[in-house]
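Report on the structure
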Amino acid sequence: LQEWMDESGAADDLRRDQLDKELSLKAFHLLTAQHAHFHTPAAAVFRFKDHLDEEEQLGRIRWLLEQKRFKDAATVATDLGLQDKFCLDDVALPCLLSEQHAALETYLKGQRRLQEELVVALDALVPHDADLAGFIHRFKAMGVAGIQPDKLSGKTLQKLIGRLLKLYNLPGELTPKT
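Residues numbered from 1 in each chain as written. Predicted model: local features only at pLDDT ≥ 70, side-chain atom pairs only at ≥ 80, totals over all residues. Heavy atoms only, no water.

1. Thoughts on the packing of helix H10 (residues 112-123) against helix H12 (residues 154-167)
The interhelical angle for the contact between H10 and H12, taken along N-to-C directions, is 160°, at an axis separation of 10 Å. Relative to H12, the element H10 lies roughly antiparallel. Pair H10 / H12 crosses with left-handed handedness. Listed contacts from H12 to Leu118, Val119, Leu122 and Asp123 of H10 are Leu157, Leu160, Ile161, Leu164 and Leu165. A per-class count over the contact of H10 with H12 returns 8 nonpolar, no polar and 1 charged. (Axes fitted to C-alpha atoms, helices over the stretch in contact; angles between N-to-C directions. Helix = DSSP H or I, 4+ residues; strand = E, 2+ residues; numbered from the N terminus. Parallel < 35°, antiparallel > 145°, perpendicular 65-115°, else oblique. Left-handed = near helix turned anticlockwise from the far one by under 90°. Contact = heavy atoms within 4.5 Å. Nonpolar A, V, L, I, M, F, W, Y, C, P; charged D, E, K, R; others polar.)

2. Some details on the pattern of salt bridges
Under the defined criterion, the tally for this structure stands at 8 salt bridges. A salt bridge links arginine 69 to aspartate 72; the nearest nitrogen and oxygen atoms lie 2.8 Å apart. Each member of the pair, arginine 69 as well as aspartate 72, carries the same accessibility label: buried. We note a salt bridge from arginine 138 to aspartate 89, for which the minimum N-O separation is 2.6 Å. Separated by 49 residues along the polypeptide, arginine 138 in helix H11 (residues 132-141) and aspartate 89 in the loop between helix H7 (70-80) and helix H8 (92-97) bring together distant segments of the chain. The exposure class of arginine 138 is partly exposed, given its relative accessible area of 37%. (Salt bridge = Lys/Arg side-chain N within 4 Å of Asp/Glu carboxyl O. Buried < 20%, exposed > 50% of the residue type's maximum accessible area, 1.4 Å probe, protein only.)

Structure representation (structure tokens):
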């Protein structure tokens, strides 16, 4: 639809005449009701950032989190540029723990504070006396499914931290235990 709008020159006319706040809000709710995988292309067409106020956007992302749809919440927050409105425990760690690495990497792109917080939090789990069981239990209680404790222990965790440091070009000083 976006390509057709651009090629036909209908984009400005259609957006001016048809794509108002009410239609954008309906599309926003429809696109997030089931799966948010169509949200990214639709965000540009329906101009969610322009037509919906931040509280409406944040409310829908919070609803996705309540539904335990962490990947979808990450997608929508990223599309709307609202990653900084959520703490690490809300979106990033649930995506990591449920093996949603692509969604997590996209969510964290350009979000230096969240990138740093993530590697620091993971580094805190490195020592053998870290309360890994308590950490895992906390996220299972939040409804995060598919947590594999073996992926958060020993060398596997250290490799993950190293990969994240490299991916986001973060200083090794953030992770003294790794």
